[in-house]
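Chain and residue survey
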Amino acid sequence: MGKKGLPPVHLWNPDFSGDIDIRIARNGDWFYKGSIFTRLAMVRLFSTILRKDEDDYYLVTPVEKVRIQVEDAPFVIVSLDVVNQDGRQCLIMETNTGDQLRVDEDHPLWVINDPVSGEPAPYVRVRDRLDGLISRAVFYELAELSESRKVNGKLCLGVESAGSFFVLDDTPLET
């Protein structure tokens, strides 16, 4: 899931061509020179040649590598399906660009809490080093699916997918 038909950007190593005024907002909207992309097909196309090297994001072709700005994560998770695969619960997520992925060891889910507000920011690995910010609506669905389990000696809330348990909140629960 999620990788079918994608160009092999990890194999392309063109020289750096410079910066381009493309920005991906925290909500997943793409902008060029301050104007929003209105054609989803263009966003989908560009998302297939997106790569993260070190701490920067690039659009990469066999002959060109241009840096773009990403406010948070390049993808937003917009839907969640719960399916049974081989007798195990599996969470299937879809990004704002149509990529689908199964939450598993290759596509882990984690939560970072803002140090000031304490507000959770949940993420999932979409592909390679590219992550998706889980939308608030999908996070609420995950919360509905959550269960408590002991992790590293403390009771935590999380969800199971593909045989792995992913912690949503590691604040110890009362036993």
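Preceding this paragraph is the structure being described.
Note on numbering: residues in each chain are counted from 1, in written sequence order. pLDDT decides what is reported in this predicted model: residues at 70 or higher carry local features, side-chain atom pairs at 80 or more are listed and counted, and totals for whole chains, interfaces and linings draw on all residues regardless. Where side-chain values are given, they derive from all heavy atoms of the structure, hydrogens and water being excluded.

A few points about the overall build of the protein chain
The line we're drawing: Numbering of helices and strands starts at the N terminus; helices are DSSP runs of H or I of at least 4 residues and strands are runs of E of at least 2. Working rule for contacts: check all heavy atoms of both residues, and any pair within 4.5 Å makes them a contact. Note on areas: Shrake-Rupley, 1.4 Å probe, and residue coverage restricted to the protein chains presented here. Positive charge is attributed to Lys and Arg, negative charge to Asp and Glu, and no charge count is given to His or to the chain ends. Note on charges: their place is set at NZ of Lys, CZ of Arg, CG of Asp or CD of Glu.
A count of helices and strands for the protein chain gives two helices and 15 strands. Here the C-alpha coordinates of the protein chain stretch approximately 55 × 40 × 30 Å along the principal axes. When contacts within the protein chain are restricted to residue pairs at least 6 apart in sequence, long-range pairs at least 24 apart make up 47% of them. On the protein chain, roughly 10000 Å² of surface is accessible, and the fraction owed to carbon and sulfur atoms is 48%. The centroid of the 20 positive side-chain charges in the protein chain is displaced by 4 Å from the centroid of its 29 negative side-chain charges.

Quick look at the pattern of salt bridges
We count it as follows: In what follows, salt bridge is the name for a side-chain nitrogen of Lys or Arg lying within 4 Å of a carboxyl oxygen of Asp or Glu. Partly exposed describes any residue whose relative accessible area lies between the buried limit of under 20% and the exposed limit of over 50%, with all areas from a 1.4 Å probe on protein chains only and scaled to the type maximum.
On inspection of all chains with the given rule, the structure shows twelve salt bridges. Measuring nitrogen to oxygen at the nearest pair gives 2.6 Å for the salt bridge that ties Arg67 to Asp19. Taken as a pair, Arg67 in strand β6 (residues 65–70) and Asp19 in strand β1 (residues 16–24) lie far apart in primary sequence, 48 residues in all. Taking the relative accessible area as the measure of exposure, Arg67 reaches 22% and is therefore partly exposed. Taking the shortest distance from any N to any O, the salt bridge between Asp104 and Arg102 comes out at 3.2 Å.

Some words on the sheet that holds strand β4 (residues 50–53)
Applicable threshold: For two strands to be treated as a pair, DSSP must find at least two bridges joining them.
Pairing within the open sheet is mixed, and its six strands lie in the order β3-β2-β1-β6-β5-β4. Looking at which strands have only one partner, the edges of the open sheet turn out to be β3 (35–36) and β4.

A few points about the nonpolar core
This is how the line gets drawn: Among the buried residues, those of types Ala, Val, Leu, Ile, Met, Phe, Trp, Tyr and Cys that are joined through side-chain atoms within 4.5 Å form a nonpolar core.
Core analysis: the largest hydrophobic core is formed by 36 residues, its most contacted members being Leu59, Met93, Leu109, Ile134 and Leu142. Per element, the largest residue contribution to this core is four residues, and it comes from strand β5 (residues 56–60). Ignoring sequence-local partners within four residues, the contact set of Leu142 consists of Leu80, Leu91, Met93, Leu109, Ile134, Val159 and Leu168.

Quick word on the packing of aromatic side chains
Each pair of aromatic rings is reported with the distance of its centres and the angle of its planes. Selection criterion: Only the six-membered ring of Trp is used, alongside the rings of Phe and Tyr, when aromatic pairs are assigned; centres must lie within 6.5 Å, and planes under 30 degrees apart are stacked while those over 60 apart are edge-to-face, with the rest tilted. The criterion for a charge sitting over a ring is simple: Lys NZ or Arg CZ within 6 Å of the ring centre, and within 35 degrees of the ring normal.
Applying the stated criterion to the full structure yields five aromatic pairs. Between Phe16 and Tyr58, the aromatic rings sit 6.0 Å apart at their centres with planes inclined by 85°, giving edge-to-face as the arrangement. Here Phe16 is found in strand β1, whereas its partner Tyr58 is found in strand β5, with 42 residues between them in sequence. With relative accessibility at 8%, the residue Tyr58 sits in the buried group. An angle of 85° between the planes, with centres 5.9 Å apart, marks the rings of Phe37 and Phe46 as edge-to-face. Overall, the relative accessible area of 19% leaves Phe37 in the buried class. Among the aromatic side chains, those forming a connected cluster through ring pairs are Trp30, Phe37 and Phe46. The ring of Phe31 carries the charged tip of Arg23 above its face, separated from the ring centre by 4.3 Å. Sitting over the face of the ring of Tyr58, Lys65 holds its NZ or CZ atom 4.4 Å from the ring centroid.

Things to note about helix α1 (residues 40–48)
Applied cut-off: This arc corresponds to the set of directions leading from the helix axis out to the C-beta atoms.
Residues of α1 that are buried: Val43, Phe46 and Ser47. The arc that holds every buried residue of α1, seen down its axis, measures 105°, which confines them to one face. Where α1 is buried, its residues contact β2 (30–32), β4, β5, β7 (75–85) and β11 (120–127).

That's the geometry; what it means functionally is another story.
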